[in-house]
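Examination of the molecular architecture
Listed below are the residues making up each chain.
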Amino acid sequence: MKNYLKSHPDRDGFFGKYGGSFIPPELVPHFKEIQVAYDRLSKSSEYLNDLRYIRKHFQGRPTPISHLRNISDEIGGAQIYVKREDLNHTGAHKLNHCMAEALLAKHMGKTKLIAETGAGQHGVALATAAAYFGMECEIHMGEVDIAKEHPNMVRMKLLGATVVPVSFGAKTLKEAVDSAFGSYLQQTDKAIYAIGSVVGPHPFPLMVRNFQKVVGLEARDQFVEMTDELPDHVVACVGGGSNAMGLFSGFIEEEQIRLHGVEPMGTSEKLGDHAATITFGEDGEIHGFRSIMLKDENGEPAPVHSIASGLDYPGVGPEHAYLHSIGRVTYGSASDPETLDAFYALSRKEGIIPALESSHAIAYAMKLAKDNPGQSILANLSGRGDKDIDYVTEKFGFGE
Ligand SMILES: *Cc1c(COP(=O)(O)O)cnc(C)c1O
């Protein structure tokens, strides 16, 4: 796996047979413009220095690594450590790529950022980046999601973004994507479309991975400093797959380190009850790229469920599909009940309230710890759980 990151994806954005760009012809020149700009800027010391400054002085990086002593002691197996992306500004890893996308837009001479959002997390991170750079921000969000995730809509508005309610179809994420692309096509001269994970057409899976790589590079140095060794296992939850690719990037070229992606198994293994795309999906094309996806009987993206709204996506980033196909990453899962147990355990025993998304990684790490005494596990704590506390306590209580 030496030089893996430099050699993947190929020039057309393919990771093996996955990835690429399958978009309407009218969008092609605009994604090409982004690709050309990224190729140039990713080698520009001015751009990289700007990004370094932002990481340190605005985002509060580097975020630390914490040893989960109490939970590890109680399990009596492997030692568990977590990378604290919950301490990144705005409370999750998403700002890592949003700041870099906004900086890219600024260097391209654009003045506006456009995106869709499901639960609102990407919208909030992007609105934050837009405010920092003094740019306009337009976020498309289904009316159903607006009702469900009201606080995030309030945040986006406070940050100065325009929230466009989407009222057709099922009024959720899929329609928000269509609406946002439609609006983007009207204003490609001044706006860029900012995708929220390692998904979508080339060059986004490549760019977003590289923008998140900071997580893995920091974590590797910190882990060695703390323990004098590299971890035996590295674990992250997978929705689209950006926090996982970020952390994995620091370790992927070292073949002896076992990498684990954790998919949401929801309430059961029945289609519609989970969002375990790699576990149960098949090859297909979704939102402009080729990957593994969960299909309904008509071959369309299937309905999915997870207790963590940031993970309920019927596709997955093409690089994960590829890493699965070559066996470099193991894809496992955590169910809603296992995730809740981890959410309560981390809160009560370690003093960290994790996001429900991140709780999937913790739940899996706890299972892995039992089976691997004497080893070490590094899991990505991709975000904090403040956004989830009302939902969890109203529905499930306090975990006594
Ligand atoms: C959005 C989100 C995720 C899932 O997105 P990935 O692209 O798979 O990382 C995970 N954790 C948190 C806290 C999120 O907000």
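Here's what I pulled together on the structure shown here. As the structure is a prediction and not an experimental result, all values here were calculated from the model.

1. Some thoughts on the pattern of salt bridges
- By the definition in use, this model includes 16 salt bridges.
- Between Glu-136 and Lys-112 there is a salt bridge, with the nearest N and O atoms lying 3.9 Å from each other. Highlighted residues: Glu-136 in strand E6 (residues 136–142) and Lys-112 in strand E5 (residues 112–117), separated in sequence by 24 residues.
- Among the residues examined, Glu-136 registers a relative accessible area of 39% and is labelled partly exposed.
- Overall, Lys-112 belongs to the buried group, its relative accessible area being 7%.
- Between Lys-190 and Glu-136 there is a salt bridge, with the nearest N and O atoms lying 3.3 Å from each other. Of the two residues, Lys-190 sits in the loop between helix H9 (173–186) and strand E8 (191–193) while Glu-136 sits in strand E6, which places them 54 residues apart along the sequence.
- Put simply, Arg-61, Lys-83, Glu-85 and Glu-218 are held in one network by salt bridges that share partners.

2. Quick word on the side chain of Ser-376
- Within the secondary structure, Ser-376 is located in strand E14 (residues 376–381).
- On the basis of relative accessibility, which here comes to 8%, the residue Ser-376 falls in the buried class.
- Contacts of Ser-376, omitting those with residues within four sequence positions, involve Ala-78, Gln-79, Tyr-81, Phe-223, Leu-230, Pro-231, Asp-232 and His-233.

3. Re the side chain of Arg-61
- Structurally, the position occupied by Arg-61 is in the loop between helix H3 (45–57) and strand E3 (65–67).
- Here Asn-88 takes part through its side chain, which lies 3.4 Å from a polar atom of the side chain of Arg-61.
- Arg-61 has contacts with Arg-55, Lys-56, Lys-83, Glu-85, Asn-88, Asn-96, Val-214, Val-215 and Glu-218, leaving out every residue within four places of it along the chain.

4. Quick word on the site of the ligand
- Surrounding the ligand, one finds 16 residues, the nearest of these being Lys-94, Ser-197, Gly-241, Ser-242 and Ser-382.
- In this structure, Gly-241 approaches the ligand through a main-chain N or O atom, which is 2.8 Å from an oxygen atom.
- In isolation the ligand offers 380 Å² of accessible surface; the protein chains occlude 97% of this area.
- Counted by class, the shell around the ligand contains four nonpolar, ten polar and two charged residues.

5. Digging into the packing of helix H5 (residues 94–107) against helix H10 (residues 204–227)
- Taken N-terminus to C-terminus, the directions of H5 and H10 make an angle of 120 degrees; their axes are 8 Å apart at the nearest point. Compared by their axis directions, H5 and H10 come out oblique. Between H5 and H10 the crossing geometry is right-handed. Residue-level inspection shows Lys-94, Asn-96, His-97, Ala-100, Glu-101 and Leu-104 of H5 in contact with H10, the latter providing Phe-204, Met-207, Val-208, Phe-211, Gln-212, Val-214 and Val-215.
- Taken together, the residues of the contact of H5 with H10 break down into eight nonpolar, three polar and two charged.

6. Overview of the pairing of strand E11 (residues 282–286)
- Strand direction decides the pairing type here: E11 and strand E12 (residues 289–293), joined by five bridges, are antiparallel. Bridging from a neighbouring strand, Ile-286 pairs with Phe-289 of E12.
- What sits between the antiparallel neighbours E11 and E12 is a turn of two residues, in which His-287 has the positive phi angle 45 degrees.

Thresholds, definitions, all that
- Residues numbered from 1 in each chain as written.
- Predicted model: local features only at pLDDT ≥ 70, side-chain atom pairs only at ≥ 80, totals over all residues.
- Heavy atoms only, no water.
- Salt bridge = Lys/Arg side-chain N within 4 Å of Asp/Glu carboxyl O.
- Helix = DSSP H or I, 4+ residues; strand = E, 2+ residues; numbered from the N terminus.
- Buried < 20%, exposed > 50% of the residue type's maximum accessible area, 1.4 Å probe, protein only.
- Contact = heavy atoms within 4.5 Å.
- Polar contact = N/O pair within 3.5 Å; in protein donor to acceptor, adjacent residues only side chain to side chain.
- Near = heavy atom within 4 Å.
- Areas by Shrake-Rupley, 256 points an atom, 1.4 Å probe, with all protein chains shown as cover.
- Nonpolar A, V, L, I, M, F, W, Y, C, P; charged D, E, K, R; others polar.
- Axes fitted to C-alpha atoms, helices over the stretch in contact; angles between N-to-C directions.
- Parallel < 35°, antiparallel > 145°, perpendicular 65-115°, else oblique.
- Left-handed = near helix turned anticlockwise from the far one by under 90°.
- Pairing = 2+ DSSP bridges.

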